[in-house]
Amino acid sequence: MGVQTFVLIGLAAMLSAGIVLFQYYYKTKRKGKLSVSLSVLRFLALFGVLLLLINPKFTKNEYRVEKANLVVLVDNSTSVAASKNTIQDILEKILQNRSLEQRFDIDRYGFGDALRASDDDDAILEDSLFTDENTNISEALRGLQEIHSASNTAIVLLTDGNQNLGADYEYYASRQKFPVFPIAIGDTTRYDDVAISQVNANRYAFLKNKFPVETYISYNGRADTKTILRISVDGRMVFRENISFTNTDNTKTVTSLLDANSVGLKNIVVSLDSLSDERNTVNNTRQIAVEVIDEKTDIAIVSNLLHPDIGALKKAIESNEQRSVSILKATADPKEFEDVDLFILYQPDASFKAVYDYIQRKKANRFTVTGSQTDWDFLNQVQNSFSKNSYNQAEEVFPTLNSGFGIFDISDFSIQDFPPLDSNLGEISLLKSGEPLLGQRVKGVDLDQPLLAVMGSGTEREAVLFGENCWKWRMQSYRNDGDFKNFDGFIGKLILYLSTDNSRERLTLDYESVYPGNSTAKITAAYFDETYVFDANATLDLRLRNEGSSATTEIPMLLQGSYYEGDLSSLTPGSYDFTVSVRGENLSKSGSFTISDFDVEKQLVSTDYQKLSRLARTTDGKSYFPSQIEALVSDLSEDKRFRPVQKSEQNTVSLIDFQILLAVIAAALAAEWFIRKYHGLI
């Protein structure tokens, strides 16, 4: 409180006293205790009012010590489970060290594929927690950087350094704000090791044909060595090859062609003979499955134009080996159409008259793609499924997804950042029953017009796309995801719906024949009522039976928007038969799948301490081994970067409480009034 405030308070007291003396003692004959009481009350009221106007304040300084944060980050994956006791000893030495407690605020986190906080001191050490099947070190570091972005922080990282998910943490380290002090957990000894890095095979193969299996093999060691690659199908060895490695020639790619002699799901085991002193043999075996089918869909793209859309559609359709695509002219010999199961008519014009006549006679299903070269006068006359009053005005049309589409499952299809298609404006009418799968948006305005519609009933099915340049969508899918699966999978489902001869089914299933581990194993189902409207109030039951066992397991299928989903992540590896049934309905479907016994965490057993050391150097930290914990504690305790900082805060506080002062003023004035009234002075 400054001198000026003291002066004002003194002047206020003097002014209040002066006014009271003038009112009660100047030229008045009334003296005594009554006048003194009244003058005191008047002084309190006047002085209180003046204090309210002055509002005196004083500054209060508060001091506090701010510690740096010490984050102990523990790998929670199965690859470090064997080192649980070592991790526990390290944590005890860090958490119970008095010098670190005085210098740091200590937090504990665990991570596998994501960052997780520890609720108590021992939770992170439970056996049940070392079960994560993936390690994402860079994601854990990024999460800590977001949490402690505004504070001084050091990170102690307990891990074996083997990451199998996410961005490479060694390169992410250049963006890391905090120093990282890794502790290399596990065995740092380098052993000679051969491993199957990856096995590629098509999902389907055709009966009486050969199908390729591509195997990538790596070797980690210094001496020259040899091994044998073996491939067996359903327990019978069908391929064998000798493999040689040197310390420089340490990778091989082996492509084998296997015979598809019988229909069904074929379990394929690819294995390498272990080396004499090899410690890790888990990565010597990989299991995949290929389904051999005796069915193939022939699709014809009929067009008189050369357009990139045709190539994009051909690539997308043939991404499924069950389908083959031929490109024909509209003037082709009708004999070339005899083996065609589905027609894709690209921008029809008057020359397509013979094609439409053939389609009508055969009652074949078709997919029509229109664009700037489409003859709408001809198209409106030659078919009765849809019509368009084209204005011959070109426009860019953006797609909008119909989330309520229920003819087949589109839950995994995304149109994020899809560019517009080129189309001619005009009023579109669907003359047959159907649903729009994609709508139109022009210049930010959603039009009540379909961009892609699916129509038909029973075995007669048809789709029409009112725009060209869908090849751009396939390119955008690659930009978004690094592959074409989003677009190709969507086109595959559309083609599957159009090419089937069966009437529409009320219960449809979507699942994989083989799941590489149980982490991503799911079965999805769509159920429709008798009017073929998706029923979100149904109850679907999933019953599973492991082959070789008579016991069954029931898993509830949960509603996920426009489909039902059964989570299979709790299942152990093996082959399973399953049945999905609708409760209260005589409706069910069955199938089978295999969950392969593959744990990516077991592919590497040696600690990558060299990479952890590079991470430490990049972030201005230092790497340690479990035997060097005392050195770690000493370095952290003496590091000048993490000294506690004393900070002060100045708070300006009012000297008086306004509520109390107002109460005193009101009480003084009221008391004065009552006293004067009582003595007849008013």
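Residues numbered from 1 in each chain as written. Predicted model: local features only at pLDDT ≥ 70, side-chain atom pairs only at ≥ 80, totals over all residues. Heavy atoms only, no water.

**Brief notes about the overall build of the protein chain**
- From N to C terminus, the protein chain includes 14 helices and 33 strands.
- Relative to its length of 682 residues, the protein chain is extended, with a C-alpha radius of gyration of 39 Å against a globular reference of 26 Å.
- Principal-axis analysis of the C-alpha atoms places the extent of the protein chain at approximately 135 × 75 × 50 Å.
- Burial analysis of the protein chain (682 residues in total) assigns 44% to the buried set.
- For the protein chain, the exposed surface amounts to about 35000 Å²; the carbon and sulfur share of it is 48%. (Helix = DSSP H or I, 4+ residues; strand = E, 2+ residues; numbered from the N terminus. Rg over C-alpha atoms; globule rule 2.2 N^0.38 Å. Buried < 20%, exposed > 50% of the residue type's maximum accessible area, 1.4 Å probe, protein only. Areas by Shrake-Rupley, 256 points an atom, 1.4 Å probe, with all protein chains shown as cover.)

**Some points on the confidence of the model for the protein chain**
- Confidence in the prediction for the protein chain averages 85 pLDDT; 94% of positions are at 70 or higher.
- Considering only residues more than four positions removed or in separate chains, one finds that residues 121-128, a stretch of pLDDT under 50, has 16 contacts. (pLDDT = per-residue confidence, 0-100. Contact = heavy atoms within 4.5 Å.)

**Considering the nonpolar core**
- Judged by nonpolar contacts, the single largest core of 38 residues is most densely connected at F367, F408, L437 and V454.
- For this core, the secondary-structure elements that each account for two or more residues are strand 15 (297-302), helix 7 (308-318), strand 17 (342-346), strand 18 (365-370), strand 21 (434-442), strand 22 (445-457), strand 23 (460-466) and helix 11 (485-499).
- Considering each element in turn, this core owes the most residues, seven residues, to helix 11.
- Membership of the second largest hydrophobic core comes to 26 residues, among which are A68, V74, I87 and L91. (Core = buried A, V, L, I, M, F, W, Y, C linked by side-chain atoms within 4.5 Å.)

**A look at the sheet that holds strand 13 (residues 264-272)**
- If you walk across this open sheet you meet the five strands as 8-14-13-10-11, and the pairing is mixed. Of all strands in the sheet, those with a lone pairing partner are strand 8 (204-206) and strand 11 (236-245), marking the two edges. Strand-to-strand twist of the sheet, defined as the mean angle between neighbouring strand axes without regard to direction, takes the value 25°.
- Relative to strand 11, strand 10 (residues 225-233) is paired through nine bridges, and the arrangement is antiparallel. Counted as the bridge partner of K226 is S244 from strand 11. (Pairing = 2+ DSSP bridges. Axes fitted to C-alpha atoms, helices over the stretch in contact; angles between N-to-C directions.)

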